[in-house]
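If you want the building blocks of each chain, they are given just below.
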Amino acid sequence: KARALYESFAKENFTSVARDARWVMTISYLAEMSCSLGDAIGAAHLYRALLPYEGRNLIVGHKVATYGPAGRYLGMLANTMRQWQQAEQHFTAAIAMNVRQGSKPWLAHAQYQYAAMLTARGAPGERSRARRRNRPHGLRSHQGLRMRSSCRSANRTCLRPHRDRSINFRSRYP
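Keep in mind that this is a model prediction, so the values were computed, not measured.

## A closer look at the packing of helix α1 (residues 2-11) against helix α2 (residues 23-37)
Axis angle and axis distance: for two packed helices, these are the angle between their axes and the distance between the axes, and together they describe the pair. Axis separation between α1 and α2 bottoms out at 11 Å; the angle between their running directions is 105°. One element, α1, and the other, α2, form an angle in the roughly perpendicular class. Contact residues: α1 offers Ala 2, Arg 3, Tyr 6 and Phe 9, while α2 offers Leu 30, Met 33, Ser 34 and Leu 37. Here the contact of α1 with α2 is composed, by residue class, of 6 nonpolar, 1 polar and 1 charged.

## Quick notes on the packing of α2 against helix α3 (residues 40-50)
For the pair α2 and α3, the least separation of the axes is 10 Å and the interaxial angle reads 150°. Two packed elements cross with a definite hand, and for α2 against α3 that hand is left-handed. Facing α2, whose interface residues are Trp 23, Ile 27, Leu 30, Ala 31 and Ser 34, α3 presents Gly 42, Ala 43, Leu 46, Ala 49 and Leu 50. Considering only residue class, the contact of α2 with α3 consists of 8 nonpolar, 2 polar and no charged.

## Examining the confidence of the model for the protein
Per-residue confidence for the protein gives a mean pLDDT of 80; residues scoring 70 or more make up 70%. Contacts for the low-pLDDT stretch residues 154-174, under 50 throughout, to residues beyond four places or in other chains number 52 contacts.

## Here we look at the pairing of strand β1 (residues 57-60)
Here β1 shows one buried face, formed by Leu 58 and Val 60, and one open face, formed by Asn 57 and Ile 59. The turn linking β1 back onto strand β2 (residues 65-69) is made up of 4 residues, and Gly 61 within it adopts a positive phi angle of 60°.

## Brief notes about the packing of aromatic side chains
Following the criterion strictly, the structure yields 4 aromatic pairs and no others. Against the face of Trp 23 rests Arg 19, its NZ or CZ located 4.1 Å from the ring centre. Note that Arg 72 overlies the ring of Tyr 73, its terminal NZ or CZ placed 4.4 Å from the centroid.

What counts, and at which threshold
Residues numbered from 1 in each chain as written. Predicted model: local features only at pLDDT ≥ 70, side-chain atom pairs only at ≥ 80, totals over all residues. Heavy atoms only, no water. Axes fitted to C-alpha atoms, helices over the stretch in contact; angles between N-to-C directions. Helix = DSSP H or I, 4+ residues; strand = E, 2+ residues; numbered from the N terminus. Parallel < 35°, antiparallel > 145°, perpendicular 65-115°, else oblique. Contact = heavy atoms within 4.5 Å. Nonpolar A, V, L, I, M, F, W, Y, C, P; charged D, E, K, R; others polar. Left-handed = near helix turned anticlockwise from the far one by under 90°. pLDDT = per-residue confidence, 0-100. Buried < 20%, exposed > 50% of the residue type's maximum accessible area, 1.4 Å probe, protein only. Pairing = 2+ DSSP bridges. Phe/Tyr/Trp six-rings, centres within 6.5 Å; stacked < 30°, edge-to-face > 60°. Lys NZ or Arg CZ within 6 Å of the ring centre and 35° of its normal.

As structure tokens, this is what we get:
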């Protein structure tokens, strides 16, 4: 059901997402889904939509909820598009922003996703660099915050080889 909903928005290049108080929340979730599904074409559209928010926190409503720095989502989307340099810049900025703000949960997520990007890039020495970035900082952050599921994912990311999960969604819908 989630994939069908994602595809309905992707079919229209995400232009049908209502520009209301929930837009940030919706785009954040769609960005996560795009990355999880490996939809590089959808990631490019979402990247363009979120780029004006670089350097800012994504906040829903009148301070109802925060989704952390836009840079983390931009880094994830750039990673999905295999734009490694952009991904690294966004993750670095998001991590610095989280450190300045003392936002430990979003810092842990950004550190893990940065390490995942290094692993996906697969350049010589990147797996060990990912381990160094994610341990002790990322894993310790996840453990200290009792983010058990994220901690397991972070550990697996740094220990196993990267598998390409990208799929051609555009062949599934016109």
